[in-house]
Amino acid sequence: MTENLSEALREQLAGIDPRVAEQQLNDKLGIELVEVTAEQVVGTMPVAGNLQPYGLLHGGANAVLAEALGSTVAALNAGPDKATLGFELSCTHHRAARDGLVTGVAKPVHVGRGTITTEIVLTDEQGRRTCTARLSCLVRDRAPGSR
């Protein structure tokens, strides 16, 4: 995942405990960041390996992808001296994905001093919307020595 990170995101992640860095859910689900800016974060996730019992992409996997992308947008907009913490995520699942990759695009819709809200649109390989999500994050000062 780290090869596609912007310098701003690398700064945000600097100093994370290596034991924590090795246990990221994004890695377990196969999430790859494709584009990382404060204006837009794009990522992909394979359907394979992230299925529910009916052979469809698990809605929880959609939620993880949405939160991963939306929280990255929030962190980049908050800046390196702030921490962002998701407090509300809503996902509307429009259609099933059965194979290939889903792509998510996260964009900020509100950037304030105390909260940041992003909209995340997930699509299948045919460009059809599979999920629309909205993530709201609190913005807090980082605790001294937390990096």
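Keep in mind it's a predicted model, so treat the numbers as computed, not measured.

Attention now moves to the side chain of T72. Its place among the elements puts T72 in helix α4 (residues 59-78). Side-chain polar atoms of T72 contact the backbone oxygen of A68, separated by 2.7 Å.

Time to look at the environment of H58. Looking at the secondary structure, you find H58 in the loop between β2 (41-46) and α4. Classification of H58 as partly exposed rests on a relative accessible area of 39%. Placed 11 residues apart in sequence, H58 and V47 show a C-alpha to C-alpha distance of 8.4 Å. When near neighbours in sequence (up to four residues on either side) are disregarded, H58 contacts N50, L51 and Q52.

This part is about the nonpolar core. Ranked by size, the top nonpolar core spans 27 residues in total, and within it V41, M45, L57, L65, L69, V102 and I120 carry the most contacts. Those elements that provide at least two residues to this core are β1 (32-36), β2, α4, β4 (101-111), β5 (115-123) and β6 (129-141). Ignoring sequence-local partners within four residues, the contact set of L65 consists of I31, T44, M45, V102, G104 and L122.

Conventions adopted
Residues numbered from 1 in each chain as written. Predicted model: local features only at pLDDT ≥ 70, side-chain atom pairs only at ≥ 80, totals over all residues. Heavy atoms only, no water. Helix = DSSP H or I, 4+ residues; strand = E, 2+ residues; numbered from the N terminus. Polar contact = N/O pair within 3.5 Å; in protein donor to acceptor, adjacent residues only side chain to side chain. Buried < 20%, exposed > 50% of the residue type's maximum accessible area, 1.4 Å probe, protein only. Contact = heavy atoms within 4.5 Å. Core = buried A, V, L, I, M, F, W, Y, C linked by side-chain atoms within 4.5 Å.

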